[in-house]
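One-letter residues, chain by chain:
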Amino acid sequence: MATNVTDLPAQTVFNGGELLACEDSGGAAKQIALATMSQNRDSVFNVRDFGALGDGANDDGPAIQAAIDAAYANNGGIVFVPQGKYLIAQTINLYGYGVNMTGVSSGNTGGRDGSYIYTNTASIPVMQLGPMGAQTDRWTNSELSHLFLRHNSSSATKAVIQIGEETTGDASARGATLCTLQHLRIQQNGEAAPAIYN
């Protein structure tokens, strides 16, 4: 495996919206992933470029959603969440064909030194995959990876990840299709709600 980013071949298109997965025990994996994405800048949507601060104090929900919406309008791409603590007060809606979302894996068991997205609001999921409200598109042929997602509220009534809408009665018709969830840490503090609901 190449550990020097200059050893990587030029990458101009991500096949099917897939992010090249390179991991090892050191920092080289993060550098390779970032360098590979930088070679395809038109398809990478960094949440910081949309106003997210990742400081754990400000609501980064609107900025993260704006990056997802931009990737969707681009007919796919990678929504990149740099290292940081992203507090949200609204559910993040991940949807569309080839709209991938990835972050930076944590270097410790606590998980908060990587890409950490969380809410303190008991009544919302952290993330909804597929249709939500007026937005009716499924999340398709995509990947969610290298993030720590957490519901901080001990009185949480919603899942950390909601797939499809609860009200449809048919999650298979209105959720996610041919998608991958990998290298995620998901933590639910509320005893009344599951970590993932489909």
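One structure accompanies this document, and this report is about it. Bear in mind that the values here come from a model prediction, so they are computed numbers and not experimental data.

## What to know about the overall build of the chain
Here comes step 1: Per the secondary structure count, the chain includes 2 helices and 15 strands.
Here comes step 2: Counting all 198 residues of the chain, 46% fall into the buried class.
Here comes step 3: Sequence-distant contacts in the chain: of pairs separated by 6 or more residues, those separated by 24 or more amount to 77%.

## Notes on the packing of aromatic side chains
The relative placement of two aromatic rings is captured by the distance of their centres and the angle of their planes.
Here comes step 1: Scanning the entire structure with this criterion turns up 3 aromatic pairs.
Here comes step 2: Centroid distance Tyr72 to Tyr95: 4.6 Å. Interplanar angle 45 degrees. Geometry classified as tilted. Of this pair, Tyr72 sits in helix H2 (residues 61-73) while Tyr95 sits in the loop between strand S5 (92-94) and strand S6 (96-97), and the two are 23 residues apart along the sequence.
Here comes step 3: On the accessibility criterion, Tyr72 (32% relative accessible area) is partly exposed.
Here comes step 4: Classification of Tyr95 by relative accessible area gives buried; the value is 7%.
Here comes step 5: On the numbers, 4.7 Å between centres and 15 degrees between planes, the contact of Tyr116 with Tyr118 is stacked. There is no split in this pair, since Tyr116 and Tyr118 are both buried.
Here comes step 6: Members of the aromatic cluster, each reached through a chain of ring pairs, are Tyr116, Tyr118 and Phe148.
Here comes step 7: Directly above the ring of Phe148 sits Arg185, whose terminal nitrogen or CZ lies 4.7 Å from the centroid.

## Notes on the side chain of Thr140
Here comes step 1: On the secondary structure map, Thr140 appears in strand S10 (residues 139-140).
Here comes step 2: Classification of Thr140 as buried rests on a relative accessible area of 18%.
Here comes step 3: If sequence neighbours within four positions are ignored, Thr140 has contacts with Gly96, Tyr97, Gly98, Thr177 and Cys179.

## What about H2?
Spacing of three or four residues puts side chains on the same side of an α-helix, whose turn is 3.6 residues.
Here comes step 1: Under the 1.5 Å per step criterion, the end-to-end length of H2 is 18 Å for 13 residues, consistent within 8% with the ideal 18 Å.
Here comes step 2: Along H2, the positions that sit buried rather than exposed are Gly61, Ala63, Ile64, Gln65, Ala67, Ile68 and Ala71.
Here comes step 3: At the C-terminal side of H2, Asn75 shows a positive phi close to 65 degrees.

## A word on the side chain of Thr119
Here comes step 1: By the element assignment, Thr119 lies in strand S8 (residues 115-119).
Here comes step 2: Given a relative accessible area of 0%, Thr119 falls into the buried group.
Here comes step 3: In contact with Thr119, not counting residues within four places along its chain, are Leu87, Ile88, Ala89, Ile124, Val126, Arg150, His151, Asn152 and Ser153.

## Regarding the pairing of S8
Here comes step 1: Within S8, 5 of the 5 residues are buried, which leaves the element mostly enclosed by the surrounding structure.
Here comes step 2: What you see with S8 is no split at all: Ser115, Ile117 and Thr119 on one side and Tyr116 and Tyr118 on the other are buried throughout.
Here comes step 3: Bridging between strand S4 (residues 84-88) and S8 involves 5 bridges; their strand directions are parallel. Among the inter-strand pairings, Ile88 is bridged to a residue of S8, identified as Thr119.
Here comes step 4: Bridge analysis of S8 against strand S11 (residues 143-151) gives 4 bridges, and the strand direction is parallel. The residue of S11 that forms the bridge with Thr119 is His151.

## Thoughts on the sheet that holds S5
Here comes step 1: Read across the sheet, 4 strands follow the order S5-S9-S12-S15 without closing on themselves; strand pairing throughout is parallel. At either end of the open sheet lies a strand with only one pairing partner, and these are S5 and strand S15 (196-197).
Here comes step 2: As judged from the 2 bridges shared by strand S12 (residues 161-163) and S15, these two strands associate in the parallel manner. Bridging across to S15, Gln162 finds its partner in Tyr197.

Thresholds, definitions, all that
Residues numbered from 1 in each chain as written. Predicted model: local features only at pLDDT ≥ 70, side-chain atom pairs only at ≥ 80, totals over all residues. Heavy atoms only, no water. Helix = DSSP H or I, 4+ residues; strand = E, 2+ residues; numbered from the N terminus. Buried < 20%, exposed > 50% of the residue type's maximum accessible area, 1.4 Å probe, protein only. Contact = heavy atoms within 4.5 Å. Phe/Tyr/Trp six-rings, centres within 6.5 Å; stacked < 30°, edge-to-face > 60°. Lys NZ or Arg CZ within 6 Å of the ring centre and 35° of its normal. Expected span 1.5 Å × (residues − 1). Pairing = 2+ DSSP bridges.

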